[in-house]
Amino acid sequence: QQQVKQSPQSLIVQKGGISIINCAYENTAFDYFPWYQQFPGKGPALLIAIRPDVSEKKEGRFTISFNKSAKQFSLHIMDSQPGDSATYFCAASTMETSGSRLTFGEGTQLTVNP
Amino acid sequence: EADIYQTPRYLVIGTGKKITLECSQTMGHDKMYWYQQDPGMELHLIHYSYGVNSTEKGDLSSESTVSRIRTEHFPLTLESARPSHTSQYLCASSESLSWTQYFGPGTRLLVL
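Residues numbered from 1 in each chain as written. Chains lettered and ligands numbered in written order. Predicted model: local features only at pLDDT ≥ 70, side-chain atom pairs only at ≥ 80, totals over all residues. Heavy atoms only, no water.

Topic: the overall build of chain A
Part 1 of the argument: The secondary structure content of chain A amounts to zero helices and eleven strands.
Part 2 of the argument: Secondary structure of chain A in N-to-C order comes out as β-β-β-β-β-β-β-β-β-β-β.
Part 3 of the argument: In terms of overall size, chain A behaves like a compact globule, its C-alpha atoms giving a radius of gyration of 14 Å where 114 residues would be expected to give roughly 13 Å.
Part 4 of the argument: When the backbone C-alpha atoms are referred to their principal axes, chain A occupies close to 45 × 30 × 25 Å.
Part 5 of the argument: Residues classed as buried in chain A amount to 45% of the 114 residues present.
Part 6 of the argument: Within the structure as shown, chain A displays about 5,300 Å² of accessible surface, and the carbon and sulfur contribution to it stands at 48%.
Part 7 of the argument: Charge centroids of chain A, computed over 10 positive and 9 negative side chains, lie 2 Å from each other. (Helix = DSSP H or I, 4+ residues; strand = E, 2+ residues; numbered from the N terminus. Rg over C-alpha atoms; globule rule 2.2 N^0.38 Å. Buried < 20%, exposed > 50% of the residue type's maximum accessible area, 1.4 Å probe, protein only. Areas by Shrake-Rupley, 256 points an atom, 1.4 Å probe, with all protein chains shown as cover. Lys, Arg positive; Asp, Glu negative; His and termini not counted. Charge placed at Lys NZ, Arg CZ, Asp CG, Glu CD.)

A closer look at the confidence of the model for chain A
Part 1 of the argument: Across chain A, the average pLDDT comes to 92, with 93% of residues at 70 or higher.
Part 2 of the argument: Mean pLDDT across the elements of chain A bottoms out in strand S10 (residues 99–104) of chain A (80) and peaks in strand S8 (residues 72–77) of chain A (98). (pLDDT = per-residue confidence, 0-100.)

Concerning the interface of chain A and chain B
Part 1 of the argument: Taken together, the contacts link 25 residues of chain A with 24 residues of chain B.
Part 2 of the argument: Together chain A and chain B conceal approximately 2,100 Å² of surface at their shared face, both sides included; 53% is due to carbon and sulfur atoms.
Part 3 of the argument: The tally of links from chain A across to chain B stands at one salt bridge.
Part 4 of the argument: Of the charged contacts in the structure, one is a salt bridge between B:Asp59 and A:Arg101, with a shortest N-O distance of 2.4 Å.
Part 5 of the argument: Summed over the shared surface of chain A and chain B, the result is five residue pairs in polar contact (both at pLDDT 80 or more).
Part 6 of the argument: Breaking the side of chain A that touches chain B down by element, the ones donating at least two residues are strand S4 (33–38), strand S9 (86–96) and S10 of chain A.
Part 7 of the argument: For the side of chain A that touches chain B, the class distribution of residues is eight nonpolar, eleven polar and six charged. (Contact = heavy atoms within 4.5 Å. Buried area = accessible area lost by both parts, 1.4 Å probe. Salt bridge = Lys/Arg side-chain N within 4 Å of Asp/Glu carboxyl O. Polar contact = N/O pair within 3.5 Å; in protein donor to acceptor, adjacent residues only side chain to side chain. Nonpolar A, V, L, I, M, F, W, Y, C, P; charged D, E, K, R; others polar.)

Concerning the sheet that holds strand S1 (residues 4–7) of chain B
Residue and element names in this part refer to chain B.
Part 1 of the argument: Here four strands make up an open sheet; going across it, the order is S1-S3-S8-S7 and the pairing antiparallel. If you trace the sheet from one side to the other, it starts and ends with S1 and strand S7 (65–66), each paired once.
Part 2 of the argument: As paired elements, S7 and strand S8 (residues 76–78) share two bridges and run antiparallel to each other. When the sheet's bridge partners are listed, Val66 is paired in S8 with Leu76. (Pairing = 2+ DSSP bridges.)

Things to note about the state of the cysteines
Part 1 of the argument: The final tally for this structure, using the stated rule, is two disulfides over all chains.
Part 2 of the argument: Between A:Cys23 and A:Cys90 runs a disulfide, and the two sulfur atoms are separated by 1.8 Å. One quick way to see it: the torsion about the S-S bond of A:Cys23 and A:Cys90 is about -90 degrees, and its sign makes the bridge left-handed. Residue A:Cys23 is found in strand S3 (residues 19–25), and its partner A:Cys90 is found in strand S9; the two are separated by 67 residues along the sequence. Of the two residues, A:Cys23 and A:Cys90, both sit in the buried class.
Part 3 of the argument: Paired through a disulfide, B:Cys23 and B:Cys91 show a sulfur-sulfur distance of 1.9 Å. Judged by the torsion about the S-S bond (-75 degrees), the B:Cys23/B:Cys91 disulfide is left-handed. Of the two residues, B:Cys23 sits in strand S3 (residues 19–25) while B:Cys91 sits in strand S9 (residues 87–94), which places them 68 residues apart along the sequence. (Disulfide = S-S within 2.5 Å.)

As structure tokens, then:
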């Protein structure tokens, strides 16, 4: 059962444009929603994350929008740059007694053309 | 920059061989994780550990086994490798009660 669904699978954007990646989740117990960025040959790295008590979080050019009632959240990359070309994964987690376990979306391969 | 290391980075091996993928972290994190990732696909949790002598199976069934004898070390072993084990294996760690997981660079395994 896929608990976190991510779209689109791939995305091509021109330099300076806005990249938007969407995720939807099913488990209402999830209370932490991170986005990870992965470059080829590297492990994923945390990009930005949000808790469900806020509807938006912005860090530089990256913004997470969160809609609790719709069980959806999205990543917006403003002024996209070729260096942003990577695979992006949304994830969701609950904080269990001993730590967090992440459930990942399928990933979006972003290409930003110069 | 997270101090988490995986060796080897690439491994090509024949069917039936025993292999051990190494993962070490120098951050003193209690929690460690193993994920399996096929190229361009999502990550699936196959094992995790919340401390020394604690290991649990993850969401994706795996024929691999893990051990956690030292805080900093979380090796993954396949007793008899098969072509179906061909994948990328990612190790991660996190502090107690922290949301953030730090990932190693991964090991790409090819079983012929």
